[in-house]
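# Descriptive analysis of the structure
Here's the letter readout for the chains.
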Amino acid sequence: MSAARDEILGKIRGSLGRGPLTGDSAAKLEARLANHPVGIIPRRSEGLDRKGLTKLFEDQAIEIATTVERVSSLADVPKAVADYLARFNLPAEFAAAPDPLVDKVPWGERPLLKLKRGKPSPTDAVGLSVGFCAIAETGTLMMLSGPDNPSTLNFLPDDHIVILPASRVVGPMEAAWRRLRESRGGTAVGPTMPRTVNFITGPSRTGDIEQKLEMGAHGPRRQHILIVEDESLA
Amino acid sequence: MESTASAFKDNAHDALGNKHLQSALDKMRAGFPQRRLDAIGKLPEFEDLREQGREIKNHVLENLDWYLERFERNVTAAGGHVHWARTPEEARQLILGLCRKLGARTVTKGKTMIAEEIGLNDFLEAEGVIPIETDLGEYIIQLRREPPSHIIAPAIHLTKGQVEETFREIHTSLPADRNLEEPRSLVAEARTMLRDKFLKADVGITGANFLIAETGTSVIVTNEGNGDLTQLLPKAHIVVASLEKIVPTLEDAAALLRLLARSATGQDMSVYTTFSTGPRRAEDPDGPGEYHVVLLDNGRSALLGSEFQDMLRCIRCGACMNHCPVYGAIGGHAYGWVYPGPMGAVLTPSLIGIENAKHLPNASTFCGKCESVCPMKIPLPKMMRHYREREWQKRLSPPVARLGLKLWAFLALRPPLYHFFYAIAAQVLGLLGKRQGSFYNLPLAGAWTSTRDMPAPQGRSFQELWHQREKKKAA
Amino acid sequence: MSDSTSAKPRVGLFVTCLVDLFRPSVGFAAVKLIEEAGCTVEVPGLQTCCGQPAYNSGDRADAAAVARRTIVLFEGFDYVVVPSGSCGGMIKEHYTELLQDDPPWHARAKAVAERTWELMAFIHDVRGMRRVAARYDGVVTYHDSCSGLRELGVKRQPRALLGSVEGLKLKELPGAETCCGFGGTFCVKYPEISDKMVEAKAEDVLATGADTLLAGDMGCLMNMAGKLRRMRTEAGARPTRVRHVAEVLAGMTDEPPIGEAGQ
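Because the structure is predicted, anything quoted here is derived from the model rather than measured. Along each chain, residue indices are assigned from 1 in the same order as the chain's sequence is written. Each chain takes a letter, starting from A, and each ligand takes a number, starting from 1, following the order in which they are written. Totals for whole chains, interfaces and linings use every residue, but because this is a predicted model, local features are given only for residues with pLDDT of at least 70 and side-chain atom pairs only at 80 or more, for both listing and counting.

### With respect to unusual backbone geometry
All names here are of chain B.
- Unusually for a residue other than glycine, Arg 316 sits at a positive phi of about 60°.
- The numbering of helices and of strands both runs from the N terminus, where a helix is a DSSP run of H or I of at least 4 residues and a strand a run of E of at least 2. The topology assignment puts Arg 316 in the loop between α13 (300-303) and α14 (319-323).
- Exposure classification rests on a simple neighbour count of other C-beta atoms within 10 Å of a residue's own: a residue reaching 20 or more is buried, one at 12 or fewer is exposed, and one in between is partly exposed. C-beta atoms are placed from the backbone. With 18 C-beta atoms packed within 10 Å, Arg 316 lands in the partly exposed category.
- One non-glycine residue, Leu 444, adopts positive backbone phi at about 75°.
- Structurally, Leu 444 is set in the loop between β11 (438-439) and α21 (446-449).

Spelled out as C-alpha cells, the structure:
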C-alpha cells in the first residue's frame, strides 16, 4: 500500500517540521549504521580472560536454572550425555543437530546412544545442538538458525543439551554480534543474517499464575550446557 | 479494542470491591518492585544505561522516517515484506489478506499489545480465521473472553483458583477428576493443550519489542518460548508493530535489552530473546516460508514534535504500573483500554483522544514513582499534566471543579480578601472543631469525611498570629 | 538593629496554605528552626498560595499569575524556605516550566528557584545543622512525602535530625516512600482510590507500633491523621500522634497533635 507508506512518512516529516533527510544528515545516519557504535558495557563482563569468562558464564547460567557441566574435550561428551539421560530416566536417544562439531564427537564410545540427525519431530524428548557462542554477562547461549542447527531443536524437545566450546564464550552481547558479523564476512545484513538468532537464558518458564515461577511453559523444561574446555577447539 | 475508559470511576469502584483482584494485586505489589531492585542492585551501570537508552530513542525519533525506510529496505533484502497501515482497520485488512492468501485456518499468536489495540482477534474470528493466544496469560484471558490487565502479565488480575475454574470449563477432553491444585499442573496442562495448536497453525503472528533498521530484524522477548514456536513452525510469520519500535543497530538493541527485562521482571535477560530476519533461507531446515512486517501508525506520527513525543520512547516494560500506587489499588481493567497504569494514562488519550479518556491523566497523585523507575526516563506525570491542561482548555473538567479553582485563584491573587476569608474560616472551623479536634462530618467535604476524619484548624491563621506578634515586638 | 543581625542570611518564609489555615504552630516551629540555623526570618504579608492547585488542574494561566506574585514577594530574600516538599517543589522545580514562554519572568523564576529550599533540606544541607536541642519521648515513624522525596531529595535530612532528638526512637516505616493518597485534588476527585491508598498507609503505620507519625507535608499529614483517627474510632484503639516533623525538631509539641482536641 504505497499510499499508506507515503502518507505515514509524510506525516512523520510534517510533525518533525522538515522534508526527507538528504546530504550530510543522511550521511551521518549512514555512518552510524555502518560503524554500529558500542555503548556502555557493564564492567563485570569486560577484561576477562578465557578462564574468567567461562567462570562468569557458568555462574550466571546456574543462577537462572541452567545446568552446566564442564568436560575437557569432545571425547567426554558421550559419557556426559549418557549420564544426563540416565539421571532423568530418559530413553537413550535424542535428535542431534547436523553441526560438524557433533560429527567430531566419538559417539561410538556409547553405542547404546541413538542419534537422529536433523530437525526434531514433535515426539523427540531430547535435543542436542551446538552453540554459536555464549554471553558470560547473562549466562546466555547464542544459537543461529541454519542447516547446522535447526532452530526447532531449541524449542520442541523437553530437554535441550548444548555443546559449547569454552573458546566461544564472550563477555557482553555486543561481542557476540561482532562474532556474528565476522563469521559472515564482515557484515550480517540481508540474506547473510541468519533467519533466526536465539538468545537463550535458561529453560522456559512462566510466572503468569499468581507470580509463581514454573519451568517448561512451552519451550524446554530443562536446559543443559556442556562446556568443552579443550583449548584447540574453536 | 473498544474502550471503556470513560467509565473509569465505575470501573475503579468495581475493582476496589473485587476480592480476587485485590488478592492478586497484593501479590503483584509484593513481587515486582523488589525483584527489580535486586536486579539493578547488581548492575552499577544501570543509571547510565537509562540515560543512554533515552538518547538512543530520542535519536531514532528525530530520524524516524529515515530509519523506517532503511528497515524496510533490509527486510526486503532478506526476502521479507513490509506493509504500512495508517489505521487499525488497514492493519486488520492487511493481516486478513495475508492469512487468506495462505489459506490460514488457525493462527497462533505471541503476546502483542498492538494486536489488542487494533482488535485483531475478534476481527479474524468473525472472518473465519481462528486466532489462538499462546502466551499463558493471554491464553487464559482469551478463554475467559477478558482483556489483558497488564502489558507484561496479562492475567495478573486472576487468582489460581480462577484459572483452574476456566481450564476445567474449557478443557473438557481431560479427565474431570484431575488435580489442578498447583500452578505447576495448570502450566503443564496449558503446555499440552497448546503444543498441538502450535504444530497445526498455518500462520504465526507476533509483535516486536524492537525493529532493527541495520538488518531488517524484528525482536521478540518471552520467558515461555511461545513466541518462538509461533514464529518458527507455521508457513508464515507476521509481525505487527507500531512505528516507534525502531532502533538503529544490533548494538543499540543490546543496550536497550539491558534495561528491559530488569525493569519488567527483575531478570537480567528474559529466557528467549529472538531476532528474526526474513523468511527461511534456501538451506534452512526449518522456519517460516514467508515473513511480513505490518507497521502501524495509528497516531504515532502525530505525537512526534508534540509535547507527548517522549511517550514514544516507551519499551513496554511495565515498571511504571508495577510501582504505581493507583494501579496497585485498582488493577489494569479499570483503565478501560489496552494500556493501563501510568503509561496508559498518557498513551490512551494520545491514541483515542482525551475526550474519550478524561479520567486517566487525572487519576494520579503525581507521586512521581513511575518516572523514577522508567528505564527510558519518560516524564509521565508531566505529560499527564499536559493532558489536564488540554482538558482545561477544552472545558472537559467538571464545572464544579472549574468553579472551585477559579474561586481559589481569584482569592489567591487578592491577598486582603484571601486573608479575610482565611481568618473567618480558621476561627469558625476552629471553634466548631475544638471539642473533638476533628470533624467526623463536614458539609461540602463529604468525599473526604465519608472515610476519614478532617482535622480542625487550630483557630487562627498563621499570618494573622505572626503579624500580631510582629506588631507587639515593634511596639 | 545590631551588626550581627546584618551578617545573618535573610530568609523569607513561605508558610503554605495548609499551615496558614490549619496549623500555625508548624509555621512557628519552622521559624524557630530557621533562627536556630543562624538566619533571620521574615514572613511577607501578602503571600497566599504557590499556585499548585491551578497548575496541577491544567489551569496554567491562573497558576502563572499566582507564580508571578509569589516571585515578586520573595525575590528579595537570600533564601526562601518552605515547610512543605509539595509547595517547595512547585516553586523550585515548576515555576521555571510554568513561565518558560516569558523570558524575563523565566529568569526571575530561576533566580528564586535557586534560592528556594524545603525546610529540612535547608537547615541540614544549606546551614549544616546536624543536631537539634529538642527532646521527645516516643517511638516515631516517618513518612516520605512524594514531592519532597522525588523532586527535592528530602530523605536523609529529617532522619538525621530526628536521630539527634533526645529520647526519640526512630522506627523505619515499611513503604515509607509509597504515596499516601492525598495528591491535592486527587483525594476529593477519586476518594475511593485515595481511601484505599491511605488505608494501606495507615495499616503500615499501625504495624510499626510507633506512637507518633511524622512527615514534612501538611496535606499528607492531614490525610493520614484523618484516616488513623477514623480507624481508631471504629476499632476503639489508641490514637497515633501525628505531627509535622518541624514541631518535634523545634521542641514545640505543646499543641495537640493533628486532629486531636486539646486536653
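After presenting the structure, the write-up continues.
### What about the packing of helix α16 (residues 341-352) of chain B against helix α18 (residues 380-393) of chain B?
Residue and element names in this part refer to chain B.
- Two elements in contact, α16 and α18, have axes separated by 9 Å at closest approach and are oriented at 40°. Between α16 and α18, the interaxial angle falls into the category oblique. Every pair of crossing elements has a handedness; the one defined by α16 and α18 is left-handed. Across the interface between the two elements, Pro 342, Met 343, Ala 345, Val 346 and Pro 349 from α16 touch Leu 380, Met 383, Met 384 and Tyr 387 from α18.
- Lys, Arg, Asp and Glu make up the charged group, whereas Ala, Val, Leu, Ile, Met, Phe, Trp, Tyr, Cys and Pro make up the nonpolar group; the residues left over, Gly among them, are polar. Each residue belonging to the contact of α16 with α18 can be placed in one class, and the counts come to nine nonpolar, no polar and no charged. To obtain each axis, a line is fitted to C-alpha atoms, and for helices this fit is confined to the stretch in contact; angles are then taken between N-to-C directions over 0 to 180 degrees. Every angle not falling under 35 degrees, over 145, or within 65 to 115 is termed oblique; those three ranges are roughly parallel, roughly antiparallel and roughly perpendicular. It is the rotation of the near helix from the far one that decides the hand of a crossing: anticlockwise by less than a right angle makes it left-handed, clockwise makes it right-handed. Residue pairs are scored as contacts if the distance between their C-beta atoms, which are placed from the backbone, is within 7 Å.

### Points about helix α12 (residues 191-208) of chain C
- Residue count minus one, scaled by 1.5 Å, sets the expected span of a helix. Between its first and last C-alpha, α12 of chain C extends 26 Å over 18 residues, near the 26 Å set by a 1.5 Å rise per residue.
- Of the residues making up α12 of chain C, those classed as buried are Ile 193, Ser 194, Asp 195, Lys 196, Met 197, Val 198, Ala 200, Lys 201, Ala 202 and Val 205 of chain C.

### A closer look at the domain arrangement of chain C
Residue and element names in this part refer to chain C.
- Structurally, chain C comprises domain 1 (3-124) and domain 2 (131-249).
- Look at where the C-alpha atoms of domain 1 and domain 2 centre, and you get two points 23 Å apart.
- Facing 27 residues of domain 1, the contacting portion of domain 2 comprises 24 residues.
- Listed by contribution, the elements that provide at least two residues to the side of domain 1 that touches domain 2 are α2 (17-22), α3 (24-36), α4 (52-56), α6 (85-98) and α8 (119-126).
- Of all the elements, α6 adds the most residues to the side of domain 1 that touches domain 2, at six residues.
- A breakdown of the residues in the side of domain 1 that touches domain 2 according to their chemical character gives twelve nonpolar, eleven polar and four charged. Throughout the structure description, domain borders are defined by an automatic or database domain assignment.

### Description of the domain arrangement of chain B
- One can read the domain layout of chain B as domain 1 (5-302) and domain 2 (399-474).
- Taken over C-alpha atoms, the centre of domain 1 of chain B sits 53 Å from the centre of domain 2 of chain B.

### What to know about the nonpolar core
- Grouped together as the largest cluster of nonpolar side chains are 298 residues, with contacts concentrated most on Val 240 and Val 294 of chain B together with Met 224 of chain C.
- Counting residues per element, this core draws most heavily on helix α12 (residues 250-264) of chain B, at ten residues.
- Setting aside chain neighbours within four positions, we find Val 240 of chain B in contact with Ala 91, Ile 95, Thr 112, Ile 114, Ala 115, Ile 205, Gly 207, Val 294 and Leu 296 of chain B. Put simply, a nonpolar core is a cluster of buried Ala, Val, Leu, Ile, Met, Phe, Trp, Tyr and Cys residues tied together by C-beta atoms within 7 Å.

### Looking at the environment of Tyr 291 of chain B
All names here are of chain B.
- Mapped onto the elements of the fold, Tyr 291 is located in strand β10 (residues 290-296).
- On the neighbour-count criterion, Tyr 291 (25 C-beta atoms within 10 Å) is buried.
- A C-alpha to C-alpha distance of 5.9 Å links Tyr 291 and Ala 236, two positions 55 residues apart in sequence.
- Excluding residues that lie within four positions of it along the chain, Tyr 291 makes contacts with Gly 79, Gly 80, His 237, Ser 276, Gly 278 and Pro 279.

### Some points on the environment of Ala 29 of chain C
- Position of Ala 29 of chain C relative to the elements: it lies in helix α3.
- Residues Ala 29 of chain C and Pro 158 of chain C, spaced 129 residues apart in sequence, show a C-alpha to C-alpha distance of 14 Å.

### Focus on the interface of chain B and chain C
- Taken together, the contact pairs 53 residues of chain B with 58 residues of chain C.
- For the side of chain B that touches chain C, the secondary-structure elements that each account for two or more residues are α1 (8-16), α15 (325-330), α18, α19 (399-412), α20 (415-432), α21, β12 (454-455) and α22 (462-474) of chain B.
- Here the residues of the side of chain B that touches chain C are counted per class, giving 28 nonpolar, 16 polar and nine charged.

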